[in-house]
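What follows is each chain in one-letter form.
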Amino acid sequence: MRYRDKLLTALLPGLLAGTLLAKAQEAQQPDESWKKVYRATATKYDDLVNTKLDVRFDYEKSYMYGKAWVTLKPHFYPTDTVSLDAKGMDIHKVELDRNGKTTPLKYTYDGMVLRVQLDRTYKYTDKYTLFIDYTAKPNELKVKGSAAITDAKGLYFINPKGEDKNKPTQIWTQGETEANSVWFPTIDKPNQKTTEEIFMTVPSKYVTLSNGLMVGQKDNGDGTRTDHWKMDLPHAPYLFFMGVGDYAIVKDSYKGKDVNYYVEKEYAPVAKRIFGNTPEMIAFYSRITGIDYPWPKYDQIVGRDYVSGAMENTTSTLHGEAAQQDARELTDGNGWEDVIAHELFHQWFGDLVTTESWSNITLNESFADYSETLWNEYKYGKDAGQAVNFQGIQSYLQQPENATKNLVRFHYADKEDVFDQVSYPKGGRILNMLRNYVGDSAFFKSLNLYLTTNKFKSAEAQQLRLAFEEVTGEDLNWYWNQWYYGAGHPKLKIDYVYDDAAGKVQVIVDQTQGADNLFRLPVAIDVYNGPNKERHKVWIEDKTDTFTFTYKSRPDLVNVDGDKVLLCQKEDNKTLENFIHQYKYAGNYVDRREAVEYCAKHQDDAKAVDLLKAAVKDKYYRIRTFALGKLDFKRDAVKTAFEPLVAQLAGNDPSRVVKAKAIDILGGFGNSAYLPLFIKATADSSYTVAGNALEALSDLDSASALALAKKMMKAPAKGELQMAISTVLIKSGDEADFDAISDNFEKMPVGQTKFQFMMPYSKMLTKVQNTEKVKRGVDLLVQFKEAIPQAYRKQTDPYFDNALKGLANQKEKEGKTDQAEYINSKLTKGF
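Residues numbered from 1 in each chain as written. Predicted model: local features only at pLDDT ≥ 70, side-chain atom pairs only at ≥ 80, totals over all residues. Heavy atoms only, no water.

Draft legend 1. Layout of the packing of helix α25 (residues 771-787) against helix α27 (residues 817-825). Interhelical geometry of α25 versus α27 gives an angle of 15° and a closest axis separation of 10 Å. Considering the angle they form, α25 stands roughly parallel to α27. In terms of crossing hand, the pair formed by α25 and α27 is right-handed. Where α25 approaches α27, its residues Thr771, Val774, Lys775, Val778 and Asp779 are matched on the opposing element by Asp818, Gln819, Tyr822 and Ile823. (Axes fitted to C-alpha atoms, helices over the stretch in contact; angles between N-to-C directions. Helix = DSSP H or I, 4+ residues; strand = E, 2+ residues; numbered from the N terminus. Parallel < 35°, antiparallel > 145°, perpendicular 65-115°, else oblique. Left-handed = near helix turned anticlockwise from the far one by under 90°. Contact = heavy atoms within 4.5 Å.)

Rendered as structure tokens:
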């Protein structure tokens, strides 16, 4: 599972994420009784063996009519009853099926669990098959989701009646955590495994996708078709999947296995630009794990209105619609590639070997998170891998409450709560530190042993430890106790004391997070004289540790954590000269980034400015972009020194990301000499470059920008260009542009760009006189508010309501009472 938004701030700007979120949290009085509840792995009374389903869909009612044949056996102890999860269903019939001959069975059903009285007592060597005739009614079930998975009704009918002409009709399912039991009866726990067979009857115009292979199709002669999918390898019930819709199927392969991409037809020409690295990813992951891709095929499908980012259903990954990027979006880079890598790695970590409980979700999600680092390192180089790893550290550190949570969490309020920044980026960084400690060979051999030992089974974190211990020969309880079963992270203060007379340097490391939570950290300390490096491996384990190194000439740099792998906060008291040397000679992505960060705080120093000049020409585009963003152009000397460099980047940088940033900076200078550059850049294939250029042009020549914006409105636009077009039109103050601006706003996907544009759009409405247009604008704001995932609504609704209330007050002042009344009627009840 990949987060729809890894952080609330990925959706909302800092004002909301900081101020309103803090107020909302202050207002809440949390129930902490859950802290006394131990979340044990589900007891296995019975084992699933095989699940066979025959389903058809009622698009008018959003129902699914299902027949299930569930084969089970007692886990160990004899039993004459069995309980199945079956949420919100109508149960029509429960029978024992012996080779097609059925016998009615007694049962009770409370709307969530189906309890069946068997015909006799069965031993663990006995298998039996239940036949259940039922109706699934997902829209009538009241359930809650989480920040990662924003809804939990299992089966989703998207635009089932075709009423929205701008949205396709689709069906897709989402099982994690325990929602697939909304559409088929099962034991909906991650420590169960079962083979699977599904017959799906659908309108003939649609295609279907499910786990395993399609082994048959039948035209029913009534406008419907039945597709037969079969999965002969066991996997967890939450990984079952069905997808139905009008898709183009773009074919690819890996070693003769189908690797297909199900996309809306307009995206078929670019499907391989989006997903085309998948076969290479499969080969890479097969090589590093030592286990060739274990499943019969690997398909990926895109679903509208998806409740998360993506989901690793076995052989059939489901992606949210943000995966579908057009050719111009892809010019800025494939923004979905890390998600594709993440979900694919789950086919090994999560699907082949599955966490036995949600408490141990690190076995699924930490590995998938770390796979993004592994893929980027392999495909795009060490800088790319280190950049992803660094982003993971920062993502975890941004939320202080994360430091209170164990990675393996046996206490939580709701199972959905474990899908957070601890299970994802912190867990990924813990794996990265472990890899650095044991070495690549031992790390990947240990992964192979873990996967081989537990394949087609479930596991807990201790089994991962045992695999590492068997390979390395080392007791690693200290590492697991500290990082897996403990909380928090080290906070380090690092000082350096040089004694030239004695020819030694002392490195003093203080752990400042508190003496009751000291960490044991194997660390490399690198001592540099010029380009020459001497590495010392040490252990940080006390509240204060002092390491002494001798020298003949004072080192140019002492670099603690030479590989920059520690998950920590640190105050590293190096000098400017040390950081300059670090940038030049230590040289990995984080080393260079740290040097840029330090020099950005000393832009009055010529040496720091010289390093920043080197940084805007750095070999890696993320460093160039970071350095540009740190420059203080309010300083005349900085502006004089860097403006020519920025202009060069705006015109010639090979990265569209850097080019767009440079254009954005130039736009703030108000220099008409850049008009030709801006005009040319508005035609760039990158939406970001073109959008930034249009806004820059607007500040210099509003008439030309307005003419261009009106012209651009006739062609599809997304992202920064979409927002820039609307911003320029709003600036013009012409109510005649209202429909075009509103159409643009309506088309924007839910996300940060739309949220940022929401306030300018609402301010535009204060100038609109036509009542019907005001109503339409207000309706679009309310639709956007309601489209935000429910998990965020307590934080976002006040922001919308404040904007609407301000608009209502303005209309009231203008005497437009009918408009004000309409706006007030749309406010959240009780606001």
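Draft legend 2. Spatial organisation of the pattern of salt bridges. In the structure shown here, the tally under the stated rule is 49 salt bridges. With a shortest N-O distance of 2.9 Å, glutamate 280 and lysine 379 are connected by a salt bridge. A residue pair is termed long-range when its members are at least 10 positions apart, and glutamate 280 in helix α4 (residues 278-289) and lysine 379 in helix α7 (residues 362-380) qualify at 99 residues. Judged by relative accessible area, glutamate 280 falls into the partly exposed class, the value being 28%. Between aspartate 653 and arginine 624 there is a salt bridge, and its shortest N-O distance comes to 2.9 Å. Residue aspartate 653 is found in the loop between α17 (636-652) and α18 (656-667), and its partner arginine 624 is found in helix α16 (residues 621-630); the two are separated by 29 residues along the sequence. Pair check on accessibility: aspartate 653 and arginine 624 agree, each one buried. Connected through shared salt-bridge partners, Asp739, Asp743, Glu746 and Arg776 make up one network. (Salt bridge = Lys/Arg side-chain N within 4 Å of Asp/Glu carboxyl O. Buried < 20%, exposed > 50% of the residue type's maximum accessible area, 1.4 Å probe, protein only.)

Draft legend 3. Fine view of the nonpolar core. Core analysis: the largest hydrophobic core is formed by 90 residues, its most contacted members being Trp348, Tyr484 and Val507. Those residues in contact with tryptophan 348 that lie beyond four places of it in its chain are Ile282, Tyr285, Ser286, Thr289, Ile291, Tyr293, Pro294, Val353 and Leu451. (Core = buried A, V, L, I, M, F, W, Y, C linked by side-chain atoms within 4.5 Å.)

Draft legend 4. Structural context of the packing of helix α24 (residues 752-765) against α25. At a minimum axis separation of 11 Å, α24 and α25 run at an interaxial angle of 160°. What the angle tells us is that α24 and α25 run roughly antiparallel. Once α24 is placed against α25, the crossing between them reads as left-handed. Here α24 contributes Lys754, Phe755, Met758, Tyr761, Ser762 and Leu765 to the contact with α25, which in turn contributes Val774, Gly777, Val778, Leu780, Leu781 and Phe784.

Draft legend 5. Structural view of α25. Taking 1.5 Å per residue as the helical rise, α25 with its 17 residues ought to reach 24 Å, and the 24 Å between its terminal C-alpha atoms agrees with that figure. Those residues of α25 that fall on the buried side of the exposure criterion are Val774, Gly777, Val778, Leu780, Leu781, Val782, Phe784 and Lys785. Close packing links the buried residues of α25 with α23 (738-747), α24, α26 (793-813) and α27. Capping the start of α25, asparagine 770 holds a side-chain oxygen 3.0 Å from the backbone nitrogen of glutamate 772, two or three residues further along. (Expected span 1.5 Å × (residues − 1). Polar contact = N/O pair within 3.5 Å; in protein donor to acceptor, adjacent residues only side chain to side chain.)

Draft legend 6. Looking closely at the packing of aromatic side chains. Counted under the stated rule, the structure contains 57 aromatic pairs. Judged by centre distance (5.2 Å) and plane angle (80°), the rings of phenylalanine 784 and phenylalanine 800 are edge-to-face. Taken together, the positions of phenylalanine 784 in helix α25 and phenylalanine 800 in helix α26 put the pair 16 residues apart, joining distant regions of the chain. Comparing phenylalanine 784 with phenylalanine 800 shows no difference in burial state: the two are buried. A network of ring pairs unites the aromatic residues Tyr370, Tyr437, Phe443, Phe444, Phe468, Trp478, Tyr479, Trp480, Trp483, Tyr484, Phe519 and Trp539 as a single cluster. Taking NZ or CZ as reference, arginine 593 lies 3.8 Å from the ring centre of phenylalanine 626, over its face. (Phe/Tyr/Trp six-rings, centres within 6.5 Å; stacked < 30°, edge-to-face > 60°. Lys NZ or Arg CZ within 6 Å of the ring centre and 35° of its normal.)

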